[in-house]
Structures are given as C-alpha cells and as structure tokens.
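Structure assessment
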Amino acid sequence: MPAAPRLPFDPIERASELWVEHIGESRSMRLATSIMRVQQLISSELDAALKPFGITFARYEVLQLISFSAAGRLPLSKIGERLMVHPTSVTNAMDRLETQGLVRRVADQTDRRRTFAELTDQGKHVLGQATDAVMAIDFAVVGLDDEQQDQAFELLKAVRSAAGDF
C-alpha cells in the first residue's frame, strides 16, 4: 500500500458528500466504491510481490489450486469452476504458465475431452517462493487486526451469498 496518502482527503468520502448533495443516499455507492478501490490496492500489491516470480496473482491462484488437489492435478474445467472464472481465462493463464514451464497439460487417458493441469518441479519451486512473498505482506490486507479481518470476511461473504455466488 502507498506509504503516504496521495490526497489530503478521502476522495470516496468526498464523492459520497457530492452524491448526497446531487442524488440522495450514498451509503451503498460509498461502500461499493470503497470495495472496488480496496480491490485495486490489494491487487496492485499482490502483483508487485509476485512480479519477481514472473506471475500475477491470477496465475498464482491457479498454481495454488493445483497444489491443493489430492491427485496433484486438476481438470482445466475444475480450475475455472473453483476460481469462478471463464474458461478462456483459465486457458490464457495455463498458456502463460505452461510457456514459463510452471505447469503442464496432461491428457486424460480415460476421456479424451478432458485435460488435466499439473505443476512441474519448477512450478512447485516458484509456488513456494511466491507463497512466502504473499505471506510476508499478509496478502496486502493492512489496517485491520485479525478480528476485523474476520468481521470483514463475514460481511463480504453475506454480500457474495446474497448475489448467488454460492
């Protein structure tokens, strides 16, 4: 996160004041805008921490998800389902990771329509270093203690549930 504020005021709070002045109640606009800004800040910090390893956070998630599988490999369709992304996003991430030598595609011997992704030894090595890097910055979640992080998670979980995310 930036060491010093770029502005001497909170621009989202100012937008909220203007919203009230011109449109009306600003509570949901203020919260949605804050969530989007926090997402930008966290993404930026995570990607910066992962840059030395040549991966983005999206590709890190793919590597980590594969590493969590009991069989050491996952069908590409499961990766998209679990990360809640479009199959094209999985294909793009896999193409990049495969080019980097971090994953390999393996055909399913019992179903030619299915392809598995598995980590290479280099992928396991990079994943270990990358995990250390994101853990060192506490996943870029700053400004909240453990209890507040738990509360924020539960609040956002309620929003995700109400939106039909799970």
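The structure contained in this document is the topic of the report that follows. (Residues numbered from 1 in each chain as written. Predicted model: local features only at pLDDT ≥ 70, side-chain atom pairs only at ≥ 80, totals over all residues. Heavy atoms only, no water.)

What the rule picks out here adds up to 2 aromatic pairs. Each ring, one from F57 and one from F139, has its centre 6.3 Å from the other, and the planes form 90 degrees; the classification is edge-to-face. In this pair, F57 is assigned in helix α3 (residues 57-68) and F139 in the loop between α6 (121-136) and α7 (146-162), connecting sequence segments 82 residues apart. Through pairs of rings, three or more aromatic residues link up here, namely F57, Y60 and F139. (Phe/Tyr/Trp six-rings, centres within 6.5 Å; stacked < 30°, edge-to-face > 60°. Helix = DSSP H or I, 4+ residues; strand = E, 2+ residues; numbered from the N terminus.)

This part takes up the pattern of salt bridges. Within the structure shown, the criterion is met by 9 salt bridges. In this structure, E81 and K78 form a salt bridge, with 3.7 Å as the shortest nitrogen-oxygen distance. Within this pair, E81 and its partner K78 are both found in helix α4 (residues 76-83), separated by 3 residues, close to a single helical turn. Judged by relative accessible area, which is 52%, E81 ranks as exposed. Overall, the relative accessible area of 30% leaves K78 in the partly exposed class. Here the salt bridges share partners, and the residues they tie into one network are D95, E98 and R105. (Salt bridge = Lys/Arg side-chain N within 4 Å of Asp/Glu carboxyl O. Buried < 20%, exposed > 50% of the residue type's maximum accessible area, 1.4 Å probe, protein only.)

Attention now goes to the sheet that holds strand β1 (residues 73-75). Taking strand neighbours across the sheet as the criterion, the 3 strands line up as β1-β3-β2 in an open arrangement whose pairing is antiparallel. A strand with exactly one partner marks an edge of an open sheet, and here the two such strands are β1 and β2 (103-107). Here the average twist between neighbouring strands, direction ignored, is 30 degrees. Strand direction decides the pairing type here: β2 and strand β3 (residues 115-119), joined by 5 bridges, are antiparallel. Bridging across to β3, A107 finds its partner in T115. Contacts between α4 and the sheet are confined to β1, β2 and β3, with β1 contributing the most and set at about 85 degrees to the helix. Helix α5 (residues 87-99) contacts β2 and β3 of the sheet and is inclined by roughly 115 degrees relative to β2. (Pairing = 2+ DSSP bridges. Axes fitted to C-alpha atoms, helices over the stretch in contact; angles between N-to-C directions. Contact = heavy atoms within 4.5 Å.)

Turning our eyes to something else, we now look at the layout of surface pockets. For the largest pocket, the calculated volume is near 1900 Å³. What lines the largest pocket is a set of 42 residues, among which V38, Q39, I42, V141 and L156 lie closest to the centre. Looking at the lining of the largest pocket, the elements that each hand over two or more residues are α2 (27-50), α3, α4, α5 and α7. At 10 residues, α2 tops the list of elements feeding residues into the lining of the largest pocket. Residues of the lining of the largest pocket, tallied by class, amount to 28 nonpolar, 7 polar and 7 charged. (1 Å grid on protein atoms, 1.4 Å probe; cavity = no way out; pocket = protein on both sides within 12 Å on 5 of 7 lines; lining within 4 Å. Points joined across faces, edges and corners; volume = space filled by probe spheres on them. Nonpolar A, V, L, I, M, F, W, Y, C, P; charged D, E, K, R; others polar.)

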